[in-house]
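# Coordinate inspection notes
One-letter residues, chain by chain:
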Amino acid sequence: MLKVKDVINDQLNKLYELETTDSYTIESVFYRGNTLCVSSQVGCPVECAFCASGMNGLIRNLSFEEIIDQYENSDKENITNITFAGIGEPLLNWDNVKKAFFYFKEKGLKVSFYTTGFPVKNFKELLNLPHNGITLSIHAVNEEKRKKLIPKSADFDKLIETFKQHLDKLSKRKKKSYSIAYLLIKDVNDSNEELKKLAEIAKYLQVGVSLLKFNEIEGINFKTTPDEEYEKAFLFLKNEGVKVTLSNKYRTRKIGGCGTLMINRLKFLNT
Ligand code: SF4
């Protein structure tokens, strides 16, 4: 069972710090007035180079009860959507995540996922669930760069092909609930060649791109792309014929923005 340790509000997001019985603190975020972003692991084994959640690797998986407790301990009456986009890679705690998925669906909630797509076997299974949206986080356009940014990841070409094969079976309307995410990091993955390739991948898959903005955080040595360059990248993709969305205001917050969820937060909140 989880215990609510603290609730931190800013104007837009409400971050829940929840304590496990073995004294770890994990986080979930209520945002957009109707959505709860839940965690699936304590720490994360994927150890993405840009993410606070995976800074110290995996501590352990969350149990089914701990996943649903994040919902049970929150503003339940206002929640219509659950997104698995908090701490952890949902596919790497797959049995418990799947069980929680069906629990949430039975409650009439819409459930969506952010995933790196690893392992591919579980990704395939996820694609076939009655989900309400999947965003595949790619963040790089070739295997070499992707491995640097997402150390524990599937073979990039195989992943894209798996996604493509699934998408090809869907109607245009259904495809709209799928997208790829690309976290723009200054001088790391923001060259015109990379953006061009990103546009090619999106057009090949026939999905939109969620162009995310990197949130700077202590201990991570990357820089945020200035607004002007970020908007330029957005226009570049748009001009290439890609449906692209920018990081929304909820995802750029210090509290609960992309890649900022963590265990042992207090030290960081004051920075
Ligand atoms: S971005 Fe997601 S998969 Fe990567 S380390 Fe963070 S929580 Fe894990």
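### With respect to the overall build of the chain
Within the chain one finds nine helices and 12 strands. Its C-alpha atoms give the chain a radius of gyration of 17 Å, near enough to 18 Å, the size a compact globule of 271 residues would have.

### Focus: the pairing of strand S7 (residues 81-84)
On a regular strand, each side chain points to the face opposite its neighbour's, so the side chains alternate between the two faces of the sheet. In this structure, strand S4 (residues 35-38) lies alongside S7, joined through four bridges in parallel fashion. Of the residues in S7, the one forming a bridge with Thr35 is Asn81. Looking at chain direction, S7 and strand S8 (residues 110-115) are connected through four bridges and run parallel. The residue bridging Asn81 from the neighbouring strand is Lys110, located in S8. On the question of chirality, the crossover connecting S7 to the parallel S8 by way of helix H2 (residues 94-106) is right-handed.

### Remarks on the sheet that holds S4
With mixed pairing, the 10 strands of this open sheet are ordered in space as S1-S2-S3-S4-S7-S8-S9-S10-S11-S12. Sheet topology places strand S1 (3-9) and strand S12 (244-246) at the edges, where each strand pairs with a single neighbour. Going from strand to strand, the sheet's axes swing by 25° on average, the running direction of each strand aside. Against the sheet, helix H1 (residues 64-72) contacts strand S2 (14-19), strand S3 (25-31), S4 and S7, and its axis sits at roughly 150° relative to S4.

### Remarks on the site of the ligand
Contacts to the ligand come from 12 residues, most closely from Cys44, Val46, Cys48, Cys51 and Gly54. Looking at the shell around the ligand, its residues break down into five nonpolar, five polar and two charged.

### Thoughts on unusual backbone geometry
In the segment running from Phe118 into Pro119, the intervening peptide bond is cis, with an omega of -5°. Following the sequence through the fold, Pro119 ends up in the loop between S8 and helix H3 (120-127). Unlike most non-glycine residues, Arg32 shows phi in positive territory, near 55°. Residue placement: Arg32 occurs in the loop between S3 and S4. Under the C-beta neighbour-count criterion, Arg32 is labelled partly exposed, with 17 such atoms within 10 Å. For Gln206, which is not a glycine, the phi torsion comes out positive at approximately 60°. On the secondary structure map, Gln206 appears in the loop between helix H7 (192-205) and strand S11 (208-213). Given 14 C-beta atoms within a 10 Å radius, Gln206 is considered partly exposed.

### Notes on H2
Given 3.6 residues per turn, any residue in an α-helix points the same way as the ones three and four places further on. With 13 residues, H2 extends 18 Å from end C-alpha to end C-alpha; this agrees with the ideal 18 Å at 1.5 Å per step. Turning to H2, its buried residues number three or more, namely Val97, Ala100, Phe101 and Phe104. Angular distribution of buried residues about the axis of H2 spans 110°; they occupy a single face of the element. Of the residues in H2, the exposed ones pointing more than 90 degrees away from the buried face are Asp95, Phe102 and Glu106. Those residues of H2 that are buried are in contact with H1, S7 and S8. With its phi angle positive at about 85°, Gly108 sits one or two positions after the end of H2.

### With respect to the nonpolar core
Grouped together as the largest cluster of nonpolar side chains are 71 residues, with contacts concentrated most on Ile180, Tyr182, Val209 and Leu237. Considering every element that reaches this core, the biggest residue donor is strand S10 (residues 178-184), with six residues. Look past the residues within four positions of Ile180 in its chain and what remains in contact with it is Thr135, Leu136, Ile138, Ile201, Ala202, Leu205, Val207 and Val209.

### Things to note about H7
Over its 14 residues, H7 extends 20 Å from the first C-alpha to the last, a length consistent with the 20 Å expected when each residue adds 1.5 Å. Of the residues making up H7, those classed as buried are Leu195, Leu198, Ala199, Ala202 and Leu205. One side of H7 carries all its buried residues, which in axial view fall inside an arc of 135°. Buried residues in H7 make contact with helix H5 (156-167), S10, S11 and helix H8 (227-239). Just past H7, the residue Gln206 takes up positive phi, approximately 60°.

What counts, and where the lines are drawn
Residues numbered from 1 in each chain as written. Predicted model: local features only at pLDDT ≥ 70, side-chain atom pairs only at ≥ 80, totals over all residues. Helix = DSSP H or I, 4+ residues; strand = E, 2+ residues; numbered from the N terminus. Rg over C-alpha atoms; globule rule 2.2 N^0.38 Å. Pairing = 2+ DSSP bridges. Right-handed = clockwise from strand over helix to strand, strands pointing away. Axes fitted to C-alpha atoms, helices over the stretch in contact; angles between N-to-C directions. Contact = placed C-beta atoms within 7 Å. Near = placed C-beta within 6 Å. Nonpolar A, V, L, I, M, F, W, Y, C, P; charged D, E, K, R; others polar. Buried ≥ 20, exposed ≤ 12 C-beta atoms within 10 Å, placed from the backbone. Expected span 1.5 Å × (residues − 1). Arc of directions from axis to C-beta. Core = buried A, V, L, I, M, F, W, Y, C linked by C-beta atoms within 7 Å.

Functional significance is not addressed by these values, which are geometric in nature.
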